[in-house]
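Below are the chains, spelled out letter by letter.
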Amino acid sequence: MAEESDLEKTESASPRRLEQAREEGNVPQSRELQTFLVLILGVGSLWLTSQWMVSHVVHAVRDGLVLERRDALDPAAMLHALGNLSSDGLLAIAPMMVVLMIAAVAGPLSLGGFNLSTKAISPDFGRINPLQGIKRVFSMHGLAELIKGVLKTLVIGSVSAWVIWRNHDDLMGLMSMPLDAGLARTGKVILTAALLLASSLGLLALLDVPFQLWRYYEQLKMTKEEVKQESKEQEGNPQIKGRIRARQREMARRRMMDAVPKADVVVTNPTHYAVALKYEAGKMGAPTVVAKGADLVAANIRKLAQENKVPLLEAPPLARALFRHTEIGEQIPAALYTAVAEVMAYVYQLNEFIARGGLPPETPHDLPVPADMDPHAATP
């Protein structure tokens with residue numbers, strides 16, 4: 001049962017899944033919304049430009065019905081007249097055609113947004129697979145499209161029949177009307193029919209848009225296993241990430257060890273902790289921790305310091321405080337300034353003694369380390 005539940009698409013599509021779908025050209029679309037926008041904007045442009053269109057059409061018809069004898073015998077004149085008539089006709093419908101082109105582009109953008117994908121137009125022979133086509137026809141999507149097709153047919157047929165029945169007398173009387181009046185009346189009937197059809201298709205679009213959005217996100221749903229796999233791909237394989245982190249720690253440890261020979265002093269616990277400090281006057285505001293470690297790492301730091309003649313100072317409270325409250329590359333806390341100042345003074349005196357001789361410096365004891373900085377002292 002657990003395996004079956006993992007194979008069921010119960011999880012909402014992740015942002016990455018939605019992004020991949022858009023890259024493949026898969027965006028939500030509604031043909032009913034596109035049809036409605038084209039029709040309603042076409043009706044609006046027809047209504048706004050009706051006088052313009054009628055005047056140009058009347059002019060084109062009148063010019064087309066006038067034919068002089070000399071023009072009929074001259075092919076060049078006939079071509080010129082045909083060109084003028086064609087220009088008048090195109091000019092008459094140009095505003096509406098521009099609006100229709102804008103509507104055809106705005107339809108897909110209104111739901112799916114702008115999406116440029118070459119995958120959507122690339123050859124896919126699976127689309128012409130007869131078996132896949134039969135499956136789509138008898139699927140829920142095919143049933144929904146069939147219902148929509150039947151509804152559109154009923155709506156368009158009913159509205160057309162009602163318009164024809166309502167304007168039967170006017171349509172029959174067009175033959176006896178003057179040209180101007182006949183064109184005006186025809187345009188009014190066409191505008192009324194188109195407006196009614198657009199309103200009817202708008203209702204279908206209101207039903208189709210939520211359905212298409214639901215269907216789109218339903219198809220992109222993921223199984224629990226797909227969600228886990230995607231999470232692994234985005235975050236990386238845990239084993240690979242573990243090896244990368246181990247490699248990074250090893251590189252950081254090597255850089256830290258390379259800094260030990262350049263340190264001024266190594267403060268020890270004496271065996272559990274080791275912290276290497278360095279101070280450069282004029283470059284550092286306070287001594288900086290260049291290396292630190294516990295147990296085996298501490299032993300390696302002490303060994304490397306001895307090999308490079310870096311002074312070792314056994315100061316357990318200070319070593320514990322530095323190990324607990326500082327990170328590599330950080331300056332020491334202000335609360336430890338006094339204790340570290342005594343250590344650095346001792347180191348300078350020790351270096352002076354090694355270089356010039358004289359009395360050896362006294363090893364500092366009981367360094368002023370605040371109790372709240374020492375983890376052992378803070379423990380009751």
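Before reading on, note that the structure itself is shown above.
The rules behind each value
- Residues numbered from 1 in each chain as written.
- Predicted model: local features only at pLDDT ≥ 70, side-chain atom pairs only at ≥ 80, totals over all residues.
- Heavy atoms only, no water.
- Helix = DSSP H or I, 4+ residues; strand = E, 2+ residues; numbered from the N terminus.
- Expected span 1.5 Å × (residues − 1).
- Contact = heavy atoms within 4.5 Å.
- Buried < 20%, exposed > 50% of the residue type's maximum accessible area, 1.4 Å probe, protein only.
- Pairing = 2+ DSSP bridges.
- Axes fitted to C-alpha atoms, helices over the stretch in contact; angles between N-to-C directions.
- Salt bridge = Lys/Arg side-chain N within 4 Å of Asp/Glu carboxyl O.
- Phe/Tyr/Trp six-rings, centres within 6.5 Å; stacked < 30°, edge-to-face > 60°.
- Lys NZ or Arg CZ within 6 Å of the ring centre and 35° of its normal.
- Patch = residues over 30% accessible without salt bridge, like charges linked within 9 Å, V, L, I, M, F, W, Y side chains within 5 Å.
- Areas by Shrake-Rupley, 256 points an atom, 1.4 Å probe, with all protein chains shown as cover.
- Arc of directions from axis to C-beta.

**Q** It is not clear to me how helix 15 (residues 337-356) should be interpreted in this structure. Could you clarify?
**A** Note: α-helices contain 3.6 residues per turn, so residues at a spacing of three or four share the same orientation. Taking 1.5 Å per residue as the helical rise, helix 15 with its 20 residues ought to reach 28 Å, and the 28 Å between its terminal C-alpha atoms agrees with that figure. Looking at the buried residues of helix 15, the elements they touch are strand 3 (265-268), strand 4 (273-278), strand 6 (312-314) and helix 14 (316-325). Backbone geometry just downstream of helix 15 places Gly357 in the positive-phi region, at approximately 85°.

**Q** Mind showing me how you'd approach the pairing of strand 4 here?
**A** Successive residues of a regular strand alternate their side chains across the two faces of the sheet. Burial of strand 4 is extensive: five of the six residues sit out of reach of the surface. Pairing geometry for strand 3 and strand 4, over four bridges, is antiparallel. Bridged to Val266 within strand 4 is Ala276. Adjacent in sequence and paired antiparallel, strand 3 and strand 4 are bridged by four residues. Examined bridge by bridge, strand 4 and strand 5 (residues 288-294) share six bridges and lie antiparallel to one another. Each residue of the ladder has a partner; that of Lys278, found in strand 5, is Thr288.

**Q** What exactly am I supposed to notice about the sheet that holds strand 6 here?
**A** Either a parallel or an antiparallel arrangement is found when strands of a sheet pair, and the pairing is made through backbone hydrogen bonds. Judged by pairing direction, the sheet is mixed, and its four strands sit side by side in the order 5-4-3-6 without closing on themselves. Looking at which strands have only one partner, the edges of the open sheet turn out to be strand 5 and strand 6. The sheet shows a mean angle of 20° between the axes of neighbouring strands, taken without regard to direction. This element, helix 13 (residues 296-307), spans strand 3, strand 4, strand 5 and strand 6 of the sheet and lies at about 125° to strand 5. Packing against the sheet, helix 14 makes contact with strand 3, strand 4, strand 5 and strand 6, and its axis sits at approximately 80° to strand 4.

**Q** I keep staring at the pattern of salt bridges and nothing clicks. Help me out?
**A** Where side chains of opposite charge bring their charged atoms close, a pairing between them can arise. One pass over the full model with this rule turns up four salt bridges. The shortest N-O distance in the salt bridge between Lys278 and Glu280 comes to 3.9 Å. A relative accessible area of 18% places Lys278 in the buried class. With its nearest N and O atoms 3.7 Å apart, the salt bridge here joins Glu280 to Lys283. Overall, Glu280 belongs to the partly exposed group, its relative accessible area being 28%. Of the residues examined, Lys283 reaches a relative accessible area of 71% and is grouped as exposed. It is possible to trace a salt-bridge network through shared partners that takes in Lys278, Glu280 and Lys283.

**Q** How should I be thinking about the packing of aromatic side chains in this particular structure?
**A** Pairs of aromatic rings are described using the distance from one ring centre to the other and the angle between the two planes. Enumeration according to the criterion identifies three aromatic pairs in this entry. Seen from their ring centres, Tyr273 and Phe323 are 4.6 Å apart, and the 35° between their planes marks the pair as tilted. On the criterion of sequence distance, the pair formed by Tyr273 in strand 4 and Phe323 in helix 14 is long-range, its members being 50 residues apart. Seen from the ring of Phe323, Lys292 lies directly overhead, with NZ or CZ sitting 4.9 Å from the centre.

**Q** How should the pairing of strand 3 be read in this particular structure?
**A** A two-sided burial pattern is seen for strand 3, the buried positions comprising Val265 and Val267 on one face and Val266 and Thr268 on the other. Taken together, the three bridges between strand 3 and strand 6 define a ladder with parallel strand orientation. Looking across to strand 6, one finds that Val266 is bridged to Leu312.

**Q** Can you walk me through a nonpolar patch on the surface in this structure?
**A** A cluster of nonpolar side chains, contributed by Leu143, Leu146, Ile147, Val150, Leu151 and Leu154, occupies part of the molecular surface with about 540 Å² of accessible area. Within the fold, Leu143 resides in helix 8 (residues 140-166). For Leu143, a relative accessible area of 41% gives the class partly exposed.

**Q** It is not clear to me how the environment of Asp258 should be interpreted in this structure. Could you clarify?
**A** Looking at the secondary structure, you find Asp258 in helix 12 (residues 238-259). Among the residues examined, Asp258 registers a relative accessible area of 54% and is labelled exposed. Spatially, the C-alpha atom of Asp258 lies 9.1 Å from that of Ala291, the residues being 33 residues apart in sequence.

**Q** Please explain helix 13 as it appears in this structure.
**A** Taking 1.5 Å of rise per residue, the 12 residues of helix 13 would be expected to cover 16 Å, and the 17 Å separating its terminal C-alpha atoms lies within 8% of that figure. Of all the residues in helix 13, the buried ones are Ala298, Ile301, Arg302, Leu304 and Ala305. Axial view of helix 13: buried residues confined to an arc of 165°, hence all on one face. Helix 13 presents Leu296, Gln306 and Glu307 as exposed residues on the side facing more than 90 degrees away from its buried surface. Phi turns positive, to about 60°, at Lys309, one or two residues after helix 13.

**Q** What should I look at first to understand unusual backbone geometry in this one?
**A** Among all residues except glycine, the phi angle is most often negative; among peptide bonds, the trans geometry is most common. One non-glycine residue, Lys309, adopts positive backbone phi at about 60°. A residue is classified by how much of its surface remains accessible, and Lys309, at 76% relative accessible area, is exposed. For Asp366, which is not glycine, the phi torsion reads 50° and is therefore positive. Of note, Asp366 is situated in the loop between helix 15 and helix 16 (375-378).

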